[in-house]
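Descriptive analysis of the structure
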Amino acid sequence: MKTEKIDLDKNIDLLELVWQILNVYSFMSNVLSQSNAFGQEIVPFLNTGKSDESRQNFLIILSALSRWDEISLISPYARATIKIHKTPPKARLLVYSRDTVFYSTAQHLTEILAPLGKTADSFISDSSDFCTKLLKITEADQILSYDVVDLFTSVPIDETLQILRRRISELETPLDTNLTIDSITALSSACITSTYFTWGDDYYEQIHVLPMGSPLSPLLTEIYMTSFEKQALSTSTIKPTCWYRKVDDTFVILRQYQDPATLLQHLNQQHPRVQFTLEKKQMVSFPF
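Please read all numbers here as calculations on a predicted model, not as lab measurements.

Observations regarding the packing of helix α6 (residues 157–169) against helix α8 (residues 217–234)
Packed helices, taken two at a time, are described by the angle between their axes plus the distance between the axes. It is at 9 Å that the axes of α6 and α8 come closest, and there the two elements cross at 80°. Considering their axes alone, α6 and α8 lie roughly perpendicular with respect to each other. Across from E159, T160, I163, L164, R166 and R167 in α6, the residues of α8 making contact are L220, I223, Y224, T226 and S227. In terms of residue class, the contact of α6 with α8 is made up of five nonpolar, three polar and three charged.

As for the packing of aromatic side chains
Under the criterion given, the structure shown has five aromatic pairs. A ring pair is formed by Y224 and F228, whose centres lie 6.2 Å apart and whose planes are at 40°; its orientation type is tilted. One end of the pair, Y224, and the other, F228, are both in helix α8, four residues apart, so they sit about a helical turn from each other. Here Y224 falls in the buried class, since its relative accessible area comes to 3%. Judged by centre distance (5.7 Å) and plane angle (25°), the ring pair of F228 and F276 falls under stacked. Within this pair, whereas F228 is found in helix α8, its partner F276 is found in strand β9 (residues 276–280), the two being separated by 48 residues in sequence. Taken together, the aromatic side chains of Y146, Y224, F228, W243 and F276 make up a single cluster linked through ring pairs.

Details of the confidence of the model for the protein
In the predicted model, the protein carries a mean pLDDT of 77, and 67% of its residues have values of at least 70. Here strand β1 (residues 38–40) stands out as the element of the protein with the lowest mean pLDDT, 48, in contrast to helix α9 (residues 260–268), whose mean of 96 is the highest. Across residues 1–12, where pLDDT falls below 50, the model places two contacts with residues more than four positions away in sequence or in other chains. In the predicted structure, residues 39–50 sits below a pLDDT of 50 and forms 14 contacts with residues beyond four places in sequence or in another chain.

Here's the deal with the environment of R255
By secondary structure assignment, the location of R255 is in the loop between β8 (249–254) and α9. When its relative accessible area of 30% is taken as the criterion, R255 is described as partly exposed. As for R255 and E139, which are separated by 116 residues in sequence, their C-alpha atoms are 8.3 Å apart. What R255 contacts, discounting residues up to four positions off in sequence, is E139, D141, Q142 and T241.

Thoughts on the side chain of Q258
You can see Q258 is positioned in the loop between β8 and α9. Reaching out from Q258, the side chain makes a polar contact with the backbone oxygen of K239 at a distance of 3.2 Å.

Thresholds applied
Residues numbered from 1 in each chain as written. Predicted model: local features only at pLDDT ≥ 70, side-chain atom pairs only at ≥ 80, totals over all residues. Heavy atoms only, no water. Axes fitted to C-alpha atoms, helices over the stretch in contact; angles between N-to-C directions. Helix = DSSP H or I, 4+ residues; strand = E, 2+ residues; numbered from the N terminus. Parallel < 35°, antiparallel > 145°, perpendicular 65-115°, else oblique. Contact = heavy atoms within 4.5 Å. Nonpolar A, V, L, I, M, F, W, Y, C, P; charged D, E, K, R; others polar. Phe/Tyr/Trp six-rings, centres within 6.5 Å; stacked < 30°, edge-to-face > 60°. Buried < 20%, exposed > 50% of the residue type's maximum accessible area, 1.4 Å probe, protein only. pLDDT = per-residue confidence, 0-100. Polar contact = N/O pair within 3.5 Å; in protein donor to acceptor, adjacent residues only side chain to side chain.

Spelled out as structure tokens, the structure:
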């Protein structure tokens, strides 16, 4: 069996990339330290100054509830997805929250609220739906993409809950549930404000934004962005020929005489946390 030697000079970039990917802790430390969406802190209960006896009784109750399948003692924990197509490579933080305290509630609310996530004019269900809509466009001048920067860690919680309450109250066909609007709002708030997770031996908490890893976050993001787009595009002096979105990626067509930078500036003036980038698309592939 013939063994080939590796030319280190020719493969130094590849080796450097592999080394960076293996150094996950360095990636994650940068993500957690550079973003203002995360705050490192001790679990609130451990910092309340309760007596040892009180703390012990609390843990006994939690243990009993866990045995009765009434509550889970599993903490959400962070994982890293390395985006090797970026230069330099970057890490995306994902929080694994399955079987944690609010996971089942978030799943149930997602099923109830699902109709609210499919009402936007920009909504794209899949690639077939996208192609069908493109067939209606006769003139494609400038093909662009206005993408939201770090979408999940940009959506404001309080405003999203207000929009959710308003959208439910405006429905002509009620949601398939016996829960009241107050109950849905309260449960949604509980699910998306429980944002702690572990990385290594430390606890972190997402602040101001939707929790990554919750089943409810993608739907609430869609509900917020539907409202955001409607307001932003209706007040813009530039009216796109089309504006279609899949999560945080958009497919936009402007006429040749329309300035893409002007629309970008308008979008970025709508909310301090929601910021867009602009990219000209090639007729090769699209993100959805």
